[in-house]
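Summary of structural features
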Amino acid sequence: MNWTDERVEKLTKLWADGLSASQIAAQLGGVTRNAVIGKVHRLNLPGRAKSGGTPAPRAKRPAPAPRPASNFNARPAAPRAISRGGAAAAVREDVAMEAAPQTRPVSDVVVPIAKRLALVDLTERTCKWPVGDPMHEDFHFCGHDSGENTPYCKYHARLAFQVSGERRRAR
């Protein structure tokens, strides 16, 4: 299909009349909606206002604060107050972080001392739990025996994976 002068003229008129690209394609025949949209853009035809009136001006959001460097072993932040803005007034709520339910008493947990393996030293049967910041030279992996079906040792597998029922209760 070629865009003849007559077809371009008809496209321009129908576009100015406010017809949609699908309607124009149907009237022209032998052309798709996307072909009409592409030709409109190549001709630099003026856009039309979207239905629903003029949109309200958006309020500018403040720039987000810079994030600190990630730390894989960082603990969650302490509970803090969160301000939730509304049209009438801001409401301050104290939000307490809920601890994940524990299946064993804390005194029964054994934290393994990392074998401090580098990435090139890891095998299929070593724990691949990262320790520290990858951008620092003291970064390493746990390195304990991980078994066959998991990338982590028993301790780190408990940290990484939760039973789906426990995830639902935590919410």
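Okay, so let's go over this structure.

1. Section: the side chain of Ser 146
Looking at the element boundaries, Ser 146 is found in the loop between strand 4 (140-141) and helix 4 (154-160). The buried category is assigned to Ser 146, whose relative accessible area is 5%. Polar contacts involving the side chain of Ser 146 include one to the main-chain carbonyl oxygen of Thr 150, which spans 3.4 Å. Apart from residues no more than four positions distant in its own chain, Ser 146 is found in contact with Glu 124, Arg 125, Thr 126, Cys 127, Pro 151, Tyr 152 and Cys 153.

2. Focus on the packing of helix 1 (residues 5-16) against helix 3 (residues 33-42)
Contact pair helix 1 / helix 3: the axes reach a minimum separation of 11 Å and the direction vectors enclose 90°. Considering the angle they form, helix 1 stands roughly perpendicular to helix 3. Mapping the contact onto sequence places Val 8, Leu 11 and Trp 15 in helix 1 and Val 36, Lys 39 and Val 40 in helix 3.

3. Points about the packing of aromatic side chains
Tallying each qualifying case throughout the model produces 2 aromatic pairs. Between Trp 129 and Tyr 152, the ring centres sit 5.3 Å apart and the planes meet at 75°, which makes this aromatic pair edge-to-face. You can see Trp 129 sitting in the loop between strand 2 (91-95) and strand 3 (130-131) and its partner Tyr 152 sitting in the loop between strand 4 and helix 4, a full 23 residues away along the chain. Exposure class is identical for Trp 129 and Tyr 152. Each is buried.

4. As for helix 3
Of all the positions in helix 3, only Val 36, Lys 39 and Val 40 are classed as buried. For helix 3, the angular spread of buried residues about the axis comes to 105°, placing them on one side. For helix 3, the exposed residues set more than 90 degrees away from the buried face come down to Asn 34, His 41 and Arg 42. Considering only its buried residues, helix 3 is in contact with helix 1 and helix 2 (21-28).

5. Topic: the pattern of salt bridges
Summed over the entire model, instances satisfying the criterion amount to 2 salt bridges. For the salt bridge of Asp 17 with Lys 13, the shortest nitrogen-to-oxygen distance reads 2.9 Å. Residue classification places Asp 17 among the partly exposed residues on the basis of a relative accessible area of 47%. Between Arg 125 and Asp 145 there is a salt bridge whose closest N-O contact spans 3.7 Å. Separated by 20 residues along the polypeptide, Arg 125 in the loop between strand 2 and strand 3 and Asp 145 in the loop between strand 4 and helix 4 bring together distant segments of the chain. Owing to a relative accessible area of 40%, Arg 125 belongs among the partly exposed residues under this scheme.

So, how was this worked out
- Residues numbered from 1 in each chain as written.
- Predicted model: local features only at pLDDT ≥ 70, side-chain atom pairs only at ≥ 80, totals over all residues.
- Heavy atoms only, no water.
- Helix = DSSP H or I, 4+ residues; strand = E, 2+ residues; numbered from the N terminus.
- Buried < 20%, exposed > 50% of the residue type's maximum accessible area, 1.4 Å probe, protein only.
- Polar contact = N/O pair within 3.5 Å; in protein donor to acceptor, adjacent residues only side chain to side chain.
- Contact = heavy atoms within 4.5 Å.
- Axes fitted to C-alpha atoms, helices over the stretch in contact; angles between N-to-C directions.
- Parallel < 35°, antiparallel > 145°, perpendicular 65-115°, else oblique.
- Phe/Tyr/Trp six-rings, centres within 6.5 Å; stacked < 30°, edge-to-face > 60°.
- Arc of directions from axis to C-beta.
- Salt bridge = Lys/Arg side-chain N within 4 Å of Asp/Glu carboxyl O.

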